[in-house]
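Examination of the molecular architecture
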Amino acid sequence: MRAAWILIPLLGWGAACSNPDDRITLHVFATSSLTAAFEEMSEAFEASNPDVDVVLNVAASSTLASQIRDGAPVDVFASADQANVDKVIDRVIGEPSVFATNRLQIITEASNPLGIETLNDLADPSVLFVTCDVDVPIGAYTAAVLAKAGVTLSPVSLEENVKGIVAKVTTGEADAGIVFVTDVLAAGSTATGVDIPDDLNVIASYPIARLSNDDEAEAFVRFVTSSDGRAILEQFGFGEA
Amino acid sequence: MLAVIATAFFALPFVGLLWRTPWSDVADVITDQSVRRALWLSIQTSVLATVFALLFGVPLAWVLARVSFPFRSLVRALATLSMVLPPVVGGVALFFSFGRRGLFGQYLDDWFGVRLPFTTAGVVVAQTFVSMPFLVLTVESAFRQFDIRYDDVARSLGATRWHAFRRVTLPAIRPAIIAGVVLAWARALGEFGATITFAGNLPGTTQTMPLATYLALETDPGAALVLSIVLIVVSFAVLIGLRDRWLGNPNEVTRS
Amino acid sequence: MTLHAAIRVRRDRFDFEASFQVNDGETLAVLGPNGAGKSTMLRCLLGLTPIDVGRIVLNDAVLDDVDTDVFVEPDKRRIGAVFQDYLLFRHMSVVDNVAFGLRARGTKKHESRLAARSLLERFDVDHLADRFPSQLSGGESQRVALARALATEPRAIVLDEPLAALDVTTRRAVRDELRRFLDGFAGPRIIVTHDPMDARRLADRVLVIENGRVSQVGDIVDVIRHPASPYVAALFGDES
């Protein structure tokens, strides 16, 4: 009788434990500007693939590339620029494909209290401008835009990723930054965007790459580039590939 | 056996670090201007933070140890809270209270034109915030253990309270003060989370060694290794320099 | 010159009251069981514990007067003290210990040390001048403590259990030394002790405190002959 008291809970526990082979975990590394879009993307993918769990890791593309280089388990990598995919090209399976584009925009606090209208306005010494280091995609793109416009700025801080810029500006800590239009959109009423003229702007191309042979990885990439995936991206303000 | 494991636990990471360091690149990295700037900034800010911790921490420790007042435990808990908090949380707290739009920060800006975030002063504030508790706790404990009768003796001999404090109490707790200073300085030097959240990250102004090391890890791991070695060497040098001589018992000083 | 004291201290359940007087050249021994209030009394005289009722006057200087709200800080009272366990400053050398009082009053280091050394000579411990308290024996520590208290030329002197820290063999010799020293001190002297032998050998008058009240005071000889309480009788039991 005593044995039964031990066996029954054990069996119950054994039954409750799901067979690990039944559920698949998909590790998706996505750049910061894709935060909201890829959260919805993952939910949609899980909805049509019930046995897949998408684990989303969001950070600056450069941070993600670094983690991948150090051997982090990853199935899919969506970056904001090709440069960071190139850093891990030896782990990429097949060819990366561009799945979305983005443009840059100046971001200020809600209702733009300082009345910033052009890139030149950012050069005013009293304006606290923040950006990212150049190995973060937005940092590189910003440098390119400023070079095109012939404007030199002295940022007061180099944030870790584009969301860091958004945070500093929306809390009023910094006066302005340059981010993606999708980020301004995502910030909603807490921020105001100021357009950058097309001739000075850059088009950011977002490549997506497969880093594992799992079928699910390929399925995910296909989903992102499908019409459903593109609809989600469009909803968040991304441009066509 | 357990002691051996404990020692290994502390030693092995350093062995690994030394093993992977690209020794041929060391010279290049060390002479890089951004590295020198980060190191100099770290030293300046951590020393200043330690000085503030000492200036404000010793009186606070004395009050906590000797004066009984309502909510004393609460005050002590507050003073040492930043020690148990994750540094980032400390940074967030500083951000929302002393940032430009912070509860107190906005007055700092409006009335005095003083801005803390994105400045070296902000780095010192962040470092002081996280390191002072170490000094307060160490020194308070020493004050408590100090026999107050020595104070009575000094006063009966004609010493004012201040004279007695300076000549009798402080020298007697010198080992604790030194230990507190070292702990506080080490904590300030290694401070990262609160610094990057509150002060920001800009080479030369707010990019201290820990920040530089963390960021280098992404772009240039070899440089990160070298930066780590530099930090370790500097810290080690200070700790070795102190030795038991200073941390030991003042009675044991002998004169010829 | 005299030391007058009429003090009352009330703290929670502790209630102590005593009135007494000690003249120049007179040694008063204060005896009593533990907790009776002897140490409190000393602390009041020194200004380390405030009194609730009464006054303390040394010669013509009022040190403490509750009615007129006069309170002289401990560092200004000019009453020398030797504490139980001597409490020499462990981080200072012997000469610096003795010089401490002088330095605290503003005398320069060099002069203080000179004065300290000559005082140590008087006590025959000048050879210990550069040693540290941890290196001294009990008897040596006592002499240094005395020298330290005398360095500031106090007008009265109080000693709290000056021999308690010594072992039996040393105690007798040191007691005799202490006697000689006390004889040479001009002002009023008070010794707190639990040892009736100390009272016999060192004091002219005795004050006995029990339960916070003075149970007997008077010439040592009279007290021994006519004990006023069982405690006093037991104290000097084998003497009469």
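Quick caveat, the model's predicted, so the values are computed rather than measured.

**Structural notes on the interface of chain A and chain B**
- Facing the 19 residues of chain A at the interface are 19 residues of chain B.
- Summing the contributions of chain A and of chain B, the shared interface buries around 1,700 Å²; its carbon and sulfur component is 49%.
- Together, A:Leu158, A:Glu160 and A:Glu173 form the three largest contributors to the area buried by chain A at its contact with chain B, with a combined 32%.
- Counting across the chain A and chain B interface gives two salt bridges.
- A:Glu109 is the partner of B:Arg101 in a salt bridge, and the nearest nitrogen-oxygen pair spans 2.5 Å.
- Here chain A is connected to chain B by seven residue pairs in polar contact (both at pLDDT 80 or more).
- Elements supplying a minimum of two residues to the side of chain A that touches chain B: α3 (61–69) and β6 (157–159) of chain A.

**Topic: the side chain of B:Ser82**
- Here B:Ser82 is to be found in helix α4 (residues 72–84).
- Within the local environment of B:Ser82, its side chain forms a polar contact with the backbone oxygen of B:Phe129, the two atoms lying 2.6 Å apart.

**Re a nonpolar patch on the surface**
- On the surface, B:Val47, B:Leu48, B:Val51, B:Phe52, B:Leu55 and B:Phe56 cluster together to form a nonpolar patch covering roughly 540 Å² of accessible area.
- Its place among the elements puts B:Leu48 in helix α3 (residues 33–66).

**Things to note about a negative patch on the surface**
All names here are of chain B.
- Together, Asp25, Asp28, Asp32 and Asp220 make up a negatively charged patch on the protein surface.
- Inspection of the secondary structure puts Asp32 in the loop between α2 (26–31) and α3.
- Its relative accessible area of 35% is what places Asp32 among the partly exposed residues.

**Re the side chain of C:Ser229**
All names here are of chain C.
- On the secondary structure map, Ser229 appears in the loop between α7 (220–225) and α8 (230–235).
- Ser229 gets classed as buried once you look at its relative accessible area, which sits at 12%.
- Of the polar contacts made by the side chain of Ser229, one reaches the side chain of Glu210; its length is 2.7 Å.
- If we ignore the near neighbours within four places in the chain, the residues touching Ser229 are Glu210 and Ser215.

**Brief notes about the interface of chain B and chain C**
- Between chain B and chain C, the residue contacts involve 22 residues of the former and 28 residues of the latter.
- Buried surface at the junction of chain B and chain C, summed over both partners, amounts to about 2,300 Å²; 57% is from carbon and sulfur atoms.
- In this assembly, chain B and chain C are joined by four salt bridges.
- A salt bridge links C:Asp85 to B:Arg149; its shortest N-O distance comes to 3.5 Å.
- Among the residues making up the side of chain B that touches chain C, the classes are represented as ten nonpolar, five polar and seven charged.

**Quick look at the packing of aromatic side chains**
- Taken as a whole and assessed by the stated rule, the structure comprises 23 aromatic pairs over all chains.
- With 5.7 Å between their ring centres and 35° between their planes, B:Phe98 and B:Phe104 make a pair best called tilted.
- Taking the relative accessible area as the measure of exposure, B:Phe98 reaches 31% and is therefore partly exposed.
- Look at B:Phe104 and you get partly exposed, because its relative accessible area is 45%.
- Note on C:Phe181 and C:Phe185: the rings are 6.5 Å apart at their centroids and 35° apart in plane angle, and the pair reads as tilted.

**Details of the packing of helix α9 (residues 161–172) of chain B against helix α10 (residues 174–190) of chain B**
All names here are of chain B.
- The geometry of α9 relative to α10 is characterised by a closest axis approach of 5 Å and an angle of 65° between their N-to-C directions. By the angle between their directions, the pair α9 and α10 is classed as roughly perpendicular. Between α9 and α10, the residues in contact are Leu170, Pro171 and Ala172 and Arg174, Pro175 and Ile177, respectively.
- Partitioned by chemical class, the residues of the contact of α9 with α10 number five nonpolar, no polar and one charged.

**As for the packing of α3(B) against α10(B)**
Residues and elements named next belong to chain B.
- Viewed as axis vectors pointing N to C, α3 and α10 meet at an angle of 140°, and their least axial separation amounts to 9 Å. In terms of their interaxial angle, α3 and α10 are classed as oblique. The crossing of α3 and α10 is right-handed. For the pair α3 and α10, contact is made by Ser42, Ser46, Val47, Ala49, Thr50 and Leu54 and by Ile177, Val181, Ala184, Trp185, Ala188 and Leu189, respectively.

**Structural notes on the pairing of strand β2 (residues 52–59) of chain A**
- In the sheet, strand β1 (residues 24–31) of chain A pairs with β2(A) via eight bridges, with the strands oriented parallel. Its bridge partner lying in β2(A), A:His27 is registered against A:Val55.

**Structural notes on the nonpolar core**
- Within the largest apolar cluster, 64 residues are counted, with the highest numbers of intra-cluster contacts made by A:Phe38, A:Phe99, A:Leu119 and A:Phe220.
- In terms of residue count, helix α8 (residues 215–225) of chain A provides more of this core than any other element does, six residues in total.
- Other than its neighbours up to four places away in sequence, A:Phe38 contacts A:Val28, A:Ala30, A:Leu56, A:Ala78, A:Phe99, A:Ile208, A:Phe220, A:Val224 and A:Leu233.
- Among the nonpolar cores identified, the runner-up in size contains 55 residues, and B:Val168, C:Ala81, C:Ile190 and C:Leu207 belong to it.

Thresholds, definitions, all that
- Residues numbered from 1 in each chain as written.
- Chains lettered and ligands numbered in written order.
- Predicted model: local features only at pLDDT ≥ 70, side-chain atom pairs only at ≥ 80, totals over all residues.
- Heavy atoms only, no water.
- Contact = heavy atoms within 4.5 Å.
- Buried area = accessible area lost by both parts, 1.4 Å probe.
- Salt bridge = Lys/Arg side-chain N within 4 Å of Asp/Glu carboxyl O.
- Polar contact = N/O pair within 3.5 Å; in protein donor to acceptor, adjacent residues only side chain to side chain.
- Helix = DSSP H or I, 4+ residues; strand = E, 2+ residues; numbered from the N terminus.
- Patch = residues over 30% accessible without salt bridge, like charges linked within 9 Å, V, L, I, M, F, W, Y side chains within 5 Å.
- Areas by Shrake-Rupley, 256 points an atom, 1.4 Å probe, with all protein chains shown as cover.
- Lys, Arg positive; Asp, Glu negative; His and termini not counted.
- Charge placed at Lys NZ, Arg CZ, Asp CG, Glu CD.
- Buried < 20%, exposed > 50% of the residue type's maximum accessible area, 1.4 Å probe, protein only.
- Nonpolar A, V, L, I, M, F, W, Y, C, P; charged D, E, K, R; others polar.
- Phe/Tyr/Trp six-rings, centres within 6.5 Å; stacked < 30°, edge-to-face > 60°.
- Axes fitted to C-alpha atoms, helices over the stretch in contact; angles between N-to-C directions.
- Parallel < 35°, antiparallel > 145°, perpendicular 65-115°, else oblique.
- Left-handed = near helix turned anticlockwise from the far one by under 90°.
- Pairing = 2+ DSSP bridges.
- Core = buried A, V, L, I, M, F, W, Y, C linked by side-chain atoms within 4.5 Å.

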